[in-house]
Protein chains: 2
Amino acid sequence: MTNHYVIIGGDAAGMSAAMQIRRTLPEAKITTFEMGGIYSYAQCGLPYFISEDIASTDKLIARTAEQFNEKYNIQAHTYHEVTEIHPQLKKITVKDLKKNREFLVEYDKLLIATGGSPVMPDWKGKEAKGVYYLKTIPDAEAIYAMAKLDTVKEVVIVGAGYIGLEMVEAFHRLGKKVSLIQRGDQIANVFDKELAQKAEEYLKEQQVQIVLGENVEEILTADGSACGVRTDKSEYSSQLVLVSIGITPNTRMAKEAGIRLGIKDAIEINERMETNLPDIYAAGDCATQFHRVKNRQDYIPLGTTANKQGRIAGAVMAGGNKTFAGIVGSSVLKVMDYQMARTGLTEKEAKELGIPLETVTVDSLSHAGYYPDAKKLTIKLVYRKDDQRVLGGQAVGFGGVAKRIDVLATAIFNNMTVEELEDLDLSYAPPFNMSWDPIQQAARVARSQNKAK
Amino acid sequence: MTNHYVIIGGDAAGMSAAMQIRRTLPEAKITTFEMGGIYSYAQCGLPYFISEDIASTDKLIARTAEQFNEKYNIQAHTYHEVTEIHPQLKKITVKDLKKNREFLVEYDKLLIATGGSPVMPDWKGKEAKGVYYLKTIPDAEAIYAMAKLDTVKEVVIVGAGYIGLEMVEAFHRLGKKVSLIQRGDQIANVFDKELAQKAEEYLKEQQVQIVLGENVEEILTADGSACGVRTDKSEYSSQLVLVSIGITPNTRMAKEAGIRLGIKDAIEINERMETNLPDIYAAGDCATQFHRVKNRQDYIPLGTTANKQGRIAGAVMAGGNKTFAGIVGSSVLKVMDYQMARTGLTEKEAKELGIPLETVTVDSLSHAGYYPDAKKLTIKLVYRKDDQRVLGGQAVGFGGVAKRIDVLATAIFNNMTVEELEDLDLSYAPPFNMSWDPIQQAARVARSQNKAK
């Protein structure tokens, strides 16, 4: 008799795991339960549907529930919510949301891949028409339909993280007057302030209103529809309000079942994606990730990590030995023509951890200045004061930033020193690079700084 | 009394060394001798002057001899050829080409940075008008002037390496009918054949005539001007012939002075850029480079390496301790809309070295398929059969290849295994990448190949 593999959640982590189990064990019984109606979609693509870069949300669906069922023999249920886990019985309670009835399902190996939910504070007016967060395809379609109304001229985005900034582009493209409200003193909080300020300058030039250091207190409404946002300092007129202040892991049910939570209430897992309870695994936005530079568990929910963790969970559940090497905190975003990418630790993060550090920042170009279309970029390296190991890198500008961050992510993965960066043999031709890559220009400045001391 | 630092050659390696000495020793006496009239120009940019991407060759000059003299107190001579090295006397013979007189110069530390020269076989007709190689700014200007003549309708390029292919683009842009003749059975010989064939297909679609497996035997002339090229199999009409079949290190003088030559007659140097003779150093296209993957000296003349070696030579000559970490063989080229990049060893190269290997090739995209303008690319990994360490990577296609190769160059620099590539935390957003980077897609296929055995 073969094991029954049960997976809660039909998105990146869950379905990466399901597919990995299927590849490893062609005969295994695999059942997946998804609360919503759609499986395995590219969440990161949603802003680009709203911006009209992508014609239809269909393009964002990698595989449908039907395909999982028919092609891969995975019992992929939609509109089925798992409401309780019974670790002693090795059973879960599942609710068929359409038929509104509950039943028990036995598992041999269980994966919790319940993801995260957008944070929506308990503001007055938050239930009004025109107030959204962006997480699912139905969310994106509702936002798009609303944004296309002629009556919607002004949009307020609360929260200037990845989704908030990508949505600045989307609404700007649709011709809206966009205001971005951020509680802290900079946008893009996972970057150091002086780099975020470069993006702020650019956005202001594009007529985006940037509001920093204000707390939203209420969503203003008229006849049940949003008409503005009131902060502790001012009011902003708006017919559409997008709230994008982060996501929180969906772990209430796991906690009730006695599964240990870690940082930010995410499910604490080891490098094999195992929870503290036998035969129960977790992966993706509901779980922690080991951060190689911090050398501890962290919570940075991203699709790339969810894919990796799901795949490892599947491999381990199916009897394999793969372990998760951990994240280094890489990410990239584009807002109109501006690009921001980062990896490792920012100066701010490293200081919070009490790591003795040095930094170097250089302005450079995406490729040879004499070749057409070279884009300005700024690169910042953060490295340990004691042994010069690279702690982090940030690159912002009009081109070529993702390329440099991926090199730095690989360097940090391998514990390179800032001086070793100078030795890297990176590819060069005028349309692609400068003969000293901007990373190496920064490394050279770092070396002369270090010598001067 | 301070040392006299003498440098032969005023290009990338020589002037990187001079500047490094100057930065380290603000008072040092530094003298540089350049045979030609121009210092420190971006040789890699020359094809883009001919293609009219760059308006003037002035843009390719980083610093002039005057700037070196006035701003950096470097005695930078032009039209001065060093004709002999006298290691016992620690002197060199210098010929002032304009005044046509010779004199001796004493050195304490000598750097040979004489570069390389384009290979021009002893073909009948090679002296005819309209026959060129491309190495210097005057070469580029002569080629451009000739190519702009209405009478020049057909161009033959002999040799399909980096310069040959970049010049295909340049001449094509100028509206010429271009034929590319290559002795071997593929273009871009530093790539594996099946990848080069993809570029060949593309070029044929662009109406470039690709001639493989033919040996040029004669340049046909009429009234002292080139009118075609005769191979062992056929004849090709052409009013302009560019010969780009490689470069050979300028090391005759070094050899005569008793300096040991290595692979391909390049000056053999150690990781401190020292030759076998005391106080004589070499760097750049006239010297060998340590290849980290081959674990031996090699000869791959490139501007990036010349810059690095020059800088290290300067640091060591000035009393410092920097060593050259070596190359991994990274390079990239663009020919019209097609991009080719490589690092480490190709399958062909690894086989020649007798290394037991596996390969994996995947077709992928430069970024998320649903986001506009995703470009097709193909990535090939070559890795050791025994310990799965990555030996090399090649990426070809219509976009995103340099980015991937730089990640792989960093991975190879750090001796990563193909399975570790899968663990890399690379940046992702739909405009920049797929959620599994193409490198990781390849690594995954490699892992399942390895398991299946």
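All residue numbers refer to position in the chain's written sequence, counted from 1. By the order in which they are written, chains take letters starting at A while ligands take numbers starting at 1. For a predicted model such as this one, the threshold for reporting local features is a pLDDT of at least 70, and the threshold for listing and counting side-chain atom pairs is 80 or more; totals across whole chains, interfaces and linings nevertheless cover every residue. Hydrogen atoms and water are omitted, and side-chain values are computed over all heavy atoms in the structure.

A.B. asks: When you look at the overall build of chain A in this model, what are you seeing that I'm missing?
C.D. replies: Helical segments are the DSSP runs of H or I of at least four residues, strand segments are the runs of E of at least two, and each set is numbered from the N terminus. Helix and strand content of chain A: twelve helices and 25 strands. In terms of overall size, chain A behaves like a compact globule, its C-alpha atoms giving a radius of gyration of 23 Å where 453 residues would be expected to give roughly 22 Å. Once the C-alpha set of chain A is aligned to its principal axes, its extents read approximately 70 × 60 × 40 Å. The buried label applies to any residue whose accessible area, calculated with a 1.4 Å probe on protein chains only, is under 20% of its type's maximum; exposed applies above 50%, and partly exposed to all values in between. Burial statistics for chain A: of 453 residues in total, 59% are counted as buried. Summarising the internal contacts of chain A: among those between residues at least 6 apart in sequence, 62% fall at separations of at least 24. Here the radius of gyration uses the C-alpha set of atoms, whereas the globule reference equals 2.2 Å times the residue count to the power 0.38. Here, residues are in contact when the closest pair of their heavy atoms is within 4.5 Å.

A.B. asks: Teacher, can you tell me more about the pattern of salt bridges here?
C.D. replies: Note that side chains of opposite charge can pair when their charged atoms are close. All names here are of chain A. Take a side-chain nitrogen of Lys or Arg and a carboxyl oxygen of Asp or Glu: if they are within 4 Å of each other, that pair is a salt bridge. Applying the stated criterion to the full structure yields 62 salt bridges over all chains. E218 is the salt-bridge partner of R230, the closest N and O atoms lying 3.1 Å from each other. Linking R230 in strand β14 (residues 225-231) with E218 in strand β13 (residues 216-222), this pair joins segments that are twelve residues apart in sequence. Since its relative accessible area comes to 25%, R230 is described here as partly exposed. For E218, a relative accessible area of 15% puts it in the buried group. For R404, the salt bridge identified is with D437, shortest N-O distance 3.2 Å. Residue R404 is found in helix α10 (residues 401-413), and its partner D437 is found in the loop between α11 (418-423) and α12 (438-452); the two are separated by 33 residues along the sequence.

A.B. asks: Could you clarify how one ought to interpret the interface of chain A and chain B in this entry?
C.D. replies: A common way to express how large an interface is: the accessible area buried when the components associate. Taken residue by residue, the interface counts 60 residues in chain A and 60 residues in chain B. The buried area of a pairing is the accessible area, by a 1.4 Å probe, that goes missing from both parts when the two are put together, added over both. Surface buried jointly by chain A and chain B totals about 5400 Å² across both partners, of which 61% is contributed by carbon and sulfur atoms. Counting the surface chain A buries against chain B, the share from its top three residues, A:Y370, A:D425 and A:F432, is 14%. The tally of links from chain A across to chain B stands at four salt bridges. Put simply, A:K403 and B:D406 hold a salt bridge, and the shortest N to O gap is 3.2 Å. For the side of chain A that touches chain B, the secondary-structure elements that each account for two or more residues are α8 (303-317), β21 (331-335), α10, α11 and α12 of chain A. At nine residues, α10(A) tops the list of elements feeding residues into the side of chain A that touches chain B. Gly is put with the polar residues, along with every residue not named as nonpolar or charged; the nonpolar set is Ala, Val, Leu, Ile, Met, Phe, Trp, Tyr, Cys and Pro, and the charged set is Asp, Glu, Lys and Arg. A class-by-class count of the residues in the side of chain A that touches chain B yields 28 nonpolar, 15 polar and 17 charged.

A.B. asks: For this particular structure, what's the right way to read the nonpolar core?
C.D. replies: As a rule of thumb, soluble globular proteins bury nonpolar side chains together. Membership of the largest hydrophobic core comes to 71 residues, with the highest contact counts inside it found for A:I379, A:V418, A:L421, B:I379, B:L391, B:V418 and B:L421. Beyond its immediate chain neighbours, meaning those up to four positions away, A:L421 contacts A:L381, A:V390, A:L408, A:A411, A:M416, A:I439, A:Q440 and A:A443. Residues belong to a common nonpolar core when they are buried Ala, Val, Leu, Ile, Met, Phe, Trp, Tyr or Cys residues joined through side-chain atoms within 4.5 Å.

A.B. asks: Would you explain the packing of aromatic side chains in this entry?
C.D. replies: The relative placement of two aromatic rings is captured by the distance of their centres and the angle of their planes. All names here are of chain A. Stacked, edge-to-face and tilted labels apply to pairs of Phe, Tyr and Trp rings (six-membered ring for Trp) whose centres lie within 6.5 Å, assigned for plane angles under 30 degrees, over 60, and everything in between, in that order. Summed over the entire model, instances satisfying the criterion amount to 14 aromatic pairs over all chains. With centroids separated by 5.8 Å and ring planes inclined at 50°, the aromatic side chains of Y39 and F68 adopt a geometry described as tilted. In this pair, Y39 is assigned in the loop between β2 (29-33) and α2 (46-50) and F68 in helix α3 (residues 65-72), connecting sequence segments 29 residues apart. Judged on exposure class, the residue Y39 and its partner F68 are both buried. The side chain of R292 reaches across the aromatic face of F413, ending 3.7 Å from its centre. Whether a charge sits over a ring comes down to the Lys NZ or Arg CZ being within 6 Å of the ring centre and within 35 degrees of the ring normal.

A.B. asks: What should I look at first to understand the side chain of B:T288 in this one?
C.D. replies: Residue and element names in this part refer to chain B. With respect to the helices and strands, T288 occurs in the loop between β18 (280-282) and β19 (289-291). Distance and chemistry together define a polar contact, namely a pair of N or O atoms within 3.5 Å, with one atom able to donate a hydrogen and the other to accept it when in protein, and with adjacent residues in sequence counting only for side-chain atoms on both sides. Within the structure, T288 has its side chain in polar contact with the side chain of Q297 (distance 2.6 Å). With residues up to four places along the chain from it excluded, the contact list for T288 reads I263, A266, I267, E268, I269, Q297, D298 and Q309.

A.B. asks: Could you clarify how one ought to interpret the pairing of strand β12 (residues 209-212) of chain A in this entry?
C.D. replies: Each regular strand displays side chains that alternate between the two surfaces of the sheet. Residue and element names in this part refer to chain A. Where strand β11 (residues 177-182) and β12 come together, four bridges link them in parallel fashion. Its bridge partner lying in β12, S179 is registered against Q209. The parallel pair β11 and β12 is bridged by helix α6 (residues 193-205), and the resulting crossover is right-handed. Should DSSP find at least two bridges between two strands, the strands are taken to pair. We call a crossover right-handed when, viewed with both strands directed away from the observer, the connection leading from the first strand over the helix to the second proceeds clockwise.

A.B. asks: Honestly, unusual backbone geometry in this entry has me stumped. Any pointers?
C.D. replies: The bulk of non-glycine residues show a negative phi, and the bulk of peptide bonds are trans. All names here are of chain A. In this model, N295 sits at a positive phi of 55°, which is unusual for a non-glycine residue. Examined against the element boundaries, N295 turns out to sit in the loop between β19 (289-291) and β20 (296-298). Overall, the relative accessible area of 58% leaves N295 in the exposed class.

A.B. asks: Sorry if this is basic, but what is going on with the packing of α10(A) against helix α10 (residues 401-413) of chain B here?
C.D. replies: A pair of packed helices can be characterised by two numbers: the angle between their axes and the separation between those axes. A fitted line through C-alpha atoms serves as each axis, taken over the contacting stretch for helices, and the angle formed by two N-to-C directions is quoted from 0 to 180°. Viewed as axis vectors pointing N to C, α10(A) and α10(B) meet at an angle of 15°, and their least axial separation amounts to 9 Å. Overall, the two elements α10(A) and α10(B) adopt an arrangement that is roughly parallel. Pair α10(A) / α10(B) crosses with right-handed handedness. Residue-level inspection shows A:A402, A:K403, A:D406, A:V407, A:T410 and A:A411 of α10(A) in contact with α10(B), the latter providing B:A402, B:K403, B:D406, B:V407, B:T410 and B:A411. Taken together, the residues of the contact of α10(A) with α10(B) sort by class into six nonpolar, two polar and four charged. Reported orientations rely on four angle classes, namely roughly parallel under 35 degrees, roughly antiparallel over 145, roughly perpendicular from 65 to 115, and oblique for the rest. The handedness criterion is simple: a crossing whose near helix is rotated anticlockwise from the far helix by less than a right angle is left-handed, and one whose near helix is rotated clockwise is right-handed.

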